[in-house]
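Examining the three-dimensional arrangement
Listed below are the residues making up each chain.
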Amino acid sequence: MTAQARAPLSAAAMRAQLDRAGVRFVAALPDITTSEHLLKPMLADPAIRVVQVCKEDEGISICAGLYAGGERSVLLMQHTGLLDSINCLRAVGIEGENPVCMIVGLLRNEPGVPPSHSPRYGLRIVQPILGAMGVENELLEFAGDEERIGPAIERSYERRRPVVLLVGGEPL
Amino acid sequence: MTMKRDQMLRALARHRTDEVVVAVYRAANELIHVDPSELNYTFNAAMGQASSAALGIALARPDRRVVVLDGDGSLLMNLGTLVTIADAEPANLLHCVCSNGTYETNGAVPVPGVGRASFRDLALAAGYRDARRIDSLEEWDQALPELLAAAGPVLVDLVVEPGEETWPDDFRTLHSTERRDRFIEALAGGRP
């Protein structure tokens, strides 16, 4: 099946995965891939607490603090924010052994084309950098991929390691 | 005026009951000797991030008071945290800035903005509920009962200088994940 023929990600299914994983807090800085159908509904939903941050590395530390206080969370951001947060991911996520779960929108990614083959330099380098850092990451692009969110969050908390879920297409 | 940092910490220890204290650099290094407690959170290995970690703890545990001992250079590295914290409105967060005017751990080079930038004014402009500057031990000691009970977020800019008693930098201890795990257990143990 071609990429054009495959159904897009479902924002409702992504949110259901977060609920199932016991996530009650979301740190977020708007990402054009996920803003409309994932972040905005959560901002209006009193069942989940969204902490809007000014810069993405704040979100990594907020998630670590929430973990220390016994709560599960995810950080929602764009891949440019991930690149801006590498030192914090290194120190707080990996060396600090914190289960920081990140949902990262790949700006201008073309679903069906591996980010590593993107004509855009900023996209091509994301997975190699995460690989070099030893950070587990998964690419979510089409309907059905949402089901990998919950298990990835569970693994992150079990292993106390960061995980990055790369969102390669707009969830609807 | 200024106050000695170790004396500032000893005053905090006298008034402390079950508060979480999140601390960085020299304040953290001295805190673990002046006031050893399983509720000391010193695992801030990325500069500027202590107040963000403290916000996470404060949101997770609204039943507990969280005091963060930030640094002036550290806060300058993460100034947006003031707006983030004000927007999140953690009523249980007391944000203290140990202002010594230098990057003390990195060679005592002056921080930018000494004598110009006001953390008190920045915090108030960001939307903190209250903010003040304290430069004497006597005033700090007298204000602590009120500060530890006040609805936050509140910022206190503490004008400090190195204390009489110092200890070698011990980042291995400060950033130990084993100690962090004991912190998590201790905090969970106090859950109502």
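Predicted, not measured: the structure shown is a model, and the values here were computed from it.

Along its length, chain A carries eight helices and six strands. Ordered by position from N to C terminus, the α and β elements of chain A give α-β-α-β-α-β-α-α-β-α-α-β-α-β. Dimensions of chain A, computed from the C-alpha atoms along their principal axes, are close to 45 × 35 × 30 Å. For chain A, with 172 residues in total, the buried portion stands at 48%. The contacts of chain A with a sequence gap of at least 6 include a subset with a gap of at least 24, amounting to 80%.

In this complex, chain A contributes 26 residues to the contact, which on the side of chain B involves 26 residues. Broken down by secondary-structure element, the contributors of at least two residues to the side of chain A that touches chain B are strand E2 (49-52), helix H3 (56-68) and helix H5 (86-95) of chain A. Looking at the side of chain A that touches chain B, the element that brings in the most residues is H3 of chain A, giving nine residues. Class assignment of the residues belonging to the side of chain A that touches chain B gives a composition of twelve nonpolar, seven polar and seven charged.

All names here are of chain A. At a minimum axis distance of 9 Å, the contact between H3 and H5 shows a crossing angle of 5°. The orientation of H3 relative to H5 falls into the category roughly parallel. Where H3 approaches H5, its residues Asp 57, Ile 60, Ser 61 and Ala 64 are matched on the opposing element by Cys 88, Leu 89, Val 92 and Gly 93. Here the contact of H3 with H5 is composed, by residue class, of five nonpolar, two polar and one charged.

Thresholds applied
- Residues numbered from 1 in each chain as written.
- Chains lettered and ligands numbered in written order.
- Predicted model: local features only at pLDDT ≥ 70, side-chain atom pairs only at ≥ 80, totals over all residues.
- Helix = DSSP H or I, 4+ residues; strand = E, 2+ residues; numbered from the N terminus.
- Buried ≥ 20, exposed ≤ 12 C-beta atoms within 10 Å, placed from the backbone.
- Contact = placed C-beta atoms within 7 Å.
- Nonpolar A, V, L, I, M, F, W, Y, C, P; charged D, E, K, R; others polar.
- Axes fitted to C-alpha atoms, helices over the stretch in contact; angles between N-to-C directions.
- Parallel < 35°, antiparallel > 145°, perpendicular 65-115°, else oblique.

Such coordinate-based values are descriptive only and should not be taken to indicate function.
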